[in-house]
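Residues per chain, in single letters:
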Amino acid sequence: MQMTLKIRRFNPEKDAEPWWGEYQFEAEPTDRLLDALNHVKWYLDGTLTYRRSCAHGVCGSDAMLINGRNGLACKLLLKNLGSRITVEPMRGFRVIKDLLVDMEFFFDKYRAIKPYLITNSPEPDQERLQSPEDREKFDDTTKCILCGACTTACPSFWANPDYVGPAAIVNAHRFIFDSRDEGKEERLDIMNSTEGVWRCRTIFNCVEACPRGINVTRAIGEVKKALLFRKA
Amino acid sequence: MVHRYDALIIGAGGAGLMAALQLSSHGRVAAISKLYPTRSHTGAAQGGIGAALGNHEEDHWEWHMFDTVKGSDYLADQDAVEILCREAIETVYDLEHWGLPFSRTPEGKIAQRPFGGHTREFGKAPVRRSCYAADRTGHMILQTMYQQCLKNQVHFYDEYHVLDLLIEQGRCAGVVALCLATGELHTFHAKAVVFATGGCGRMFSVTSNAHALTGDGMGVVLRRGIPLEDMEFFQFHPTGIYKMGILLSEAARGEGSVLRNKNGERFMERYAPTLLDLAPRDMVSRAIYREIREGRGIGGKNYVHLDMTHLGREVLDMKLPDITDFVRTYLGIEPAKELIPVQPTAHYAMGGIPTDNDGRVVIDEKHTPLPGLYAAGETACVSVHGANRLGTNSLVDILVFGRRSGRHAARFIKENDLPPLSAKPEERSREIIARLLSSQGQERGADIRESLQNEMMDKASVFRDAGTLMAMREKLKEIRDRYANVKIEDRGAKYNTQLLEIFELGILIDLADVLVEGALARQESRGAHSREDFPKRDDANFLKHTLAYLGPRGIQLAYKPVTVTRFEPKERKY
Ligand SMILES: Cc1cc2nc3c(=O)[nH]c(=O)nc-3n(C[C@H](O)[C@H](O)[C@H](O)COP(=O)(O)OP(=O)(O)OC[C@H]3O[C@@H](n4cnc5c(N)ncnc54)[C@H](O)[C@@H]3O)c2cc1C
Ligand code: SF4
Ligand code: FES
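Everything in this summary refers to the structure shown in the same document. (Residues numbered from 1 in each chain as written. Chains lettered and ligands numbered in written order. Predicted model: local features only at pLDDT ≥ 70, side-chain atom pairs only at ≥ 80, totals over all residues. Heavy atoms only, no water.)

### Concerning the site of ligand 1
Residue and element names in this part refer to chain B.
Link 1 in the chain: Ligand 1 sits among 39 residues. The nearest are S40, T42, E378, S394 and L395.
Link 2 in the chain: In this structure, A15 approaches ligand 1 through a main-chain N or O atom, which is 3.0 Å from an oxygen atom.
Link 3 in the chain: Mapped by element, the contributors of at least two residues to the shell around ligand 1 are α1 (14–23), β2 (29–33), β7 (160–168), β14 (340–349) and α11 (393–415).
Link 4 in the chain: At four residues, the largest contribution of residues to the shell around ligand 1 is made by α11.
Link 5 in the chain: Broken down by class, the residue content of the shell around ligand 1 amounts to 15 nonpolar, 20 polar and four charged. (Near = heavy atom within 4 Å. Polar contact = N/O pair within 3.5 Å; in protein donor to acceptor, adjacent residues only side chain to side chain. Helix = DSSP H or I, 4+ residues; strand = E, 2+ residues; numbered from the N terminus. Nonpolar A, V, L, I, M, F, W, Y, C, P; charged D, E, K, R; others polar.)

### Focus: the site of ligand 2
Link 1 in the chain: Near ligand 2 you find C144, I145, L146, C147, G148, A149, C150, A167, C210, P211, R212 and I214 of chain A, and these make up its full shell.
Link 2 in the chain: Residues of the shell around ligand 2, tallied by class, amount to ten nonpolar, one polar and one charged.

### Some words on the nonpolar core
Link 1 in the chain: Judged by nonpolar contacts, the single largest core of 127 residues is most densely connected at L5, L33 and M191 of chain A together with I49 of chain B.
Link 2 in the chain: Setting aside its immediate chain neighbours within four residues, I49 of chain B contacts V92, L95, F102, R129, S130, C131, T137, I141, T392, L395, V396 and L399 of chain B.
Link 3 in the chain: Among the nonpolar cores identified, the runner-up in size contains 82 residues, and A30, Y160, V361 and I509 of chain B belong to it. (Core = buried A, V, L, I, M, F, W, Y, C linked by side-chain atoms within 4.5 Å. Buried < 20%, exposed > 50% of the residue type's maximum accessible area, 1.4 Å probe, protein only. Contact = heavy atoms within 4.5 Å.)

### Some words on the packing of aromatic side chains
Residues and elements named next belong to chain B.
Link 1 in the chain: Applying the stated criterion across every chain yields a total of 21 aromatic pairs over all chains.
Link 2 in the chain: Where F204 meets F236, the ring centres are 5.1 Å apart and the plane angle is 80°; that geometry is what we call edge-to-face. Taken together, the positions of F204 in the loop between β9 (185–195) and α5 (216–222) and F236 in strand β11 (residues 234–241) put the pair 32 residues apart, joining distant regions of the chain. Across the pair, exposure class does not vary: F204 and F236 are buried alike.
Link 3 in the chain: Aromatic side chains Y242 and Y303 sit 4.3 Å apart centroid to centroid with 40° between the ring planes, which places their arrangement in the tilted category. Of this pair, Y242 sits in the loop between β11 and α6 (251–254) while Y303 is found in the loop between α8 (281–296) and β13 (304–307), placing the two residues 61 residues apart along the sequence. (Phe/Tyr/Trp six-rings, centres within 6.5 Å; stacked < 30°, edge-to-face > 60°.)

### Digging into the interface of chain B and chain A
Link 1 in the chain: Across the contact, 60 residues belong to chain B and 65 residues belong to chain A.
Link 2 in the chain: In total, chain B and chain A occlude about 5,400 Å² of area from one another, counting both sides; carbon and sulfur atoms represent 49% of this.
Link 3 in the chain: The largest contributions to the chain B side of the interface with chain A come from R39, H97 and H211 of chain B, which together make up 14% of the buried area.
Link 4 in the chain: Inspection of the region where chain B meets chain A yields seven salt bridges.
Link 5 in the chain: Between E501 of chain B and R52 of chain A there is a salt bridge, with its nearest N and O atoms 3.3 Å apart. (Buried area = accessible area lost by both parts, 1.4 Å probe. Salt bridge = Lys/Arg side-chain N within 4 Å of Asp/Glu carboxyl O.)

### Concerning the pattern of salt bridges
Link 1 in the chain: Within this structure, the stated rule accounts for 83 salt bridges over all chains.
Link 2 in the chain: Close ionic contact of D45 of chain A with R9 of chain A constitutes a salt bridge, the shortest N to O distance being 2.9 Å. Taken together, the positions of D45 of chain A in the loop between α1 (33–44) and β3 (63–66) and R9 of chain A in strand β1 (residues 2–9) put the pair 36 residues apart, joining distant regions of the chain.
Link 3 in the chain: The buried category is assigned to D45 of chain A, whose relative accessible area is 17%.
Link 4 in the chain: In this structure, D282 of chain B engages R286 of chain B in a salt bridge whose closest nitrogen and oxygen atoms are separated by 3.4 Å. Linking D282 of chain B with R286 of chain B, this pair stays in helix α8, spanning four residues, or about one helical turn. The burial state of D282 of chain B is the same as that of R286 of chain B; both residues are buried.
Link 5 in the chain: Residues participating in the shared-partner salt-bridge network are D73, D230, E232, D282, R286, R522, E524, R526, R537, D539 and R572 of chain B.

### What about unusual backbone geometry?
All names here are of chain B.
Link 1 in the chain: Cis geometry marks the peptide bond from V382 to S383; its omega dihedral reads 10°.
Link 2 in the chain: Counting through the fold element by element, S383 comes out in the loop between β18 (380–381) and α11.
Link 3 in the chain: Even without glycine at this site, Q169 takes up a positive phi of about 45°.
Link 4 in the chain: Along the chain, the position of Q169 falls in the loop between β7 and β8 (171–179).
Link 5 in the chain: The exposure class assigned to Q169 is exposed, which follows from its relative accessible area of 71%.
Link 6 in the chain: A positive phi is found at K243, a non-glycine position, where the angle reads about 70°.

### Things to note about the packing of helix α3 (residues 104–112) of chain A against helix α4 (residues 137–151) of chain B
Link 1 in the chain: Contact geometry of α3 of chain A with α4 of chain B gives a least axis separation of 11 Å together with a crossing angle of 80°. Considering the angle they form, α3 of chain A stands roughly perpendicular to α4 of chain B. Mapping the contact onto sequence places F107, Y110 and R111 of chain A in α3 of chain A and Q143, Y146, Q147 and L150 of chain B in α4 of chain B.
Link 2 in the chain: Grouping the amino acids of the contact of α3 of chain A with α4 of chain B by side-chain chemistry returns four nonpolar, two polar and one charged. (Axes fitted to C-alpha atoms, helices over the stretch in contact; angles between N-to-C directions. Parallel < 35°, antiparallel > 145°, perpendicular 65-115°, else oblique.)

Shape is all these values report; function is a separate question.
Here's what the structure looks like:
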């Protein structure tokens, strides 16, 4: 199919302002958007810059704003996006070059929720037991690949960049609901702070954005409930 | 800019993170990675990590060892395999203690599933040995290891691309890396360096490997006079999505999927009557190619079908959710109802940087270590996989030998001072970058890469012979000439990803040379190396490891013996 790809470009070494690049070429309808970006970079304009690695939706490198919605370029096929596609960097993070944004800010929020199992009791020689039912309670939130699509789709985050954001809450959930974790109280305190979970206004953009199909709003709701339950 | 550390870890996949975790409490340590750690390809691993826990049925590390040795077509070093299979068990328990969310049995233990080539009682029948977290085991390992490194305050240099290894007076002295954000070169001066830079599947056109898997670590040390071991053994996984190469884990067959040709026949019955679809990968990939050659590919094309239709939606959604999603997303097919087109996909480098059982890089036939230099994971060759790796054994390898190299390096940095550093450590990297940035060449890097990948697929993949390999040798000369004339459009400093893609291409060309020369010299068929002009394994002449050096006149080969302890080489049948 004949494609037109409109890409928001910005190279701070050269450009005073962002600008739109338009690229036309032949592509297969079953190609990924990432294949199309690669085509532009490899054959039309070698300066185009973005992150990518796995090319099948598991590493979280290439989240971007695609036709106005967040998604992974490697998980969307051209035939489902149409023959004119607009691509921009994710909103709310500093743009470094073209589609590549500063992720440090995002990882700081992740690190702030103590994203590791906290235990005090002695470890058994073999595995700790966990029932399939207990394992299921946090299954959804273990899938997060830290792509940033949810956080940068969130109006509450745009309004207040100090808000920890949905991705960090998803990862807090992953531990709060793990029967093996003994750091629940510390993490709930972080979630209860002014920049914590209460800033969520249940707008649902995050659920729509998540390329891993995580029910982000439900996870946030469960964390809120855990806090209310604790207070009661 | 010069940084000083006690130890450096290059690469933040499973192997690098494990080494970093071991070293973190023993000195000033930094992990350098060209990707954010959580983007590493360990996260793509699906099916599981092998360990004889025996959670469903009787199992023993000795059985695991036998399977690994036999799977390797007897080329693995058996002392190393023994370590692998014994330490696999404690490693999996450690992962669980660190929080890895394994799938569970009804009693709450770690769940296990069958996998290719893993058997009970020395080959009698498949055994459930692969410990898994749905079909996202690698993702969970990568996340868990990164989390532990954060907890233990490992210092990360994210998005730094290592270009060169520094060797001073016979000791490893550090590395030079390019900071992607600024384009500046940084010298990292250290007592010990662990390379954990992963594989090089991007040498081939159809691959399960990430764009970033360009074998940098192997190439960088090769260019500094260190040999690479057994690079002619490259694994093709039988079930990549047709044309795209995206992997559909062996876990699919572990859960009961079968391969079918155009007649709907379950053809593995003819090739491996006992293990059928769960025979080792080299055999299944060859069987698929034979079916295709004999006209039984689907619609006369280069693929066969993977049939998951009888598993039912529930099993697919519970146990294989990610690969089910890949099939739906990329093929628009419902795997519970339709057959999936698959073809062998370039998957795993059995070869790599030669090491001993403590991860020390050994640079010759006499196993002489290069003090301070370590390697672990897919970039290394211990060798535990020999001529063909069994599924689930790479995740074991990266963690067991990542840990051993970290532990040994921790001792090394206590006992040694910083080595001297030459006056201009960055000179060589600066030259490479300057040459590429000022190139007036006209050859597009993408065209050169495409030729390399297509030719390698055609001439040096599942089947090879002297004719195809000689032709590939000639092609590589042509490709090298074109590379000397490569075109650059981005001459900027910040995030110059074109520059780095071209650097990576240069590495891939070097590694292709090594693969082809090793494959030409090895006049036998063993594991993944299948020479049609020498169809039999030849233990009298080739029960030995290849060492390939990059000399002034190209690749030079040497050999070293295989360590055989418990299991004498036998004919390999399944
Ligand atoms: C799709 C897929 C599924 C798999 N499934 C399984 C499975 O079920 N079981 C199993 O046992 N094995 C499996 N494997 C194999 C296994 O996942 C890999 O072999 C293993 O994860 C490699 O880990 P690693 O730590 O060596 O390298 P990687 O995880 O690839 O990490 C490499 C690291 O090196 C860094 N790096 C590379 N070059 C440079 C440079 N120049 N400078 C700085 N940093 C650099 C990267 O940024 C990255 O952090 C699978 C492989 C694939 C592709
Ligand atoms: S929750 Fe989903 S969208 Fe958010 S960071 Fe994780 S994977 Fe990305
Ligand atoms: S490239 Fe890995 S998620 Fe898209």
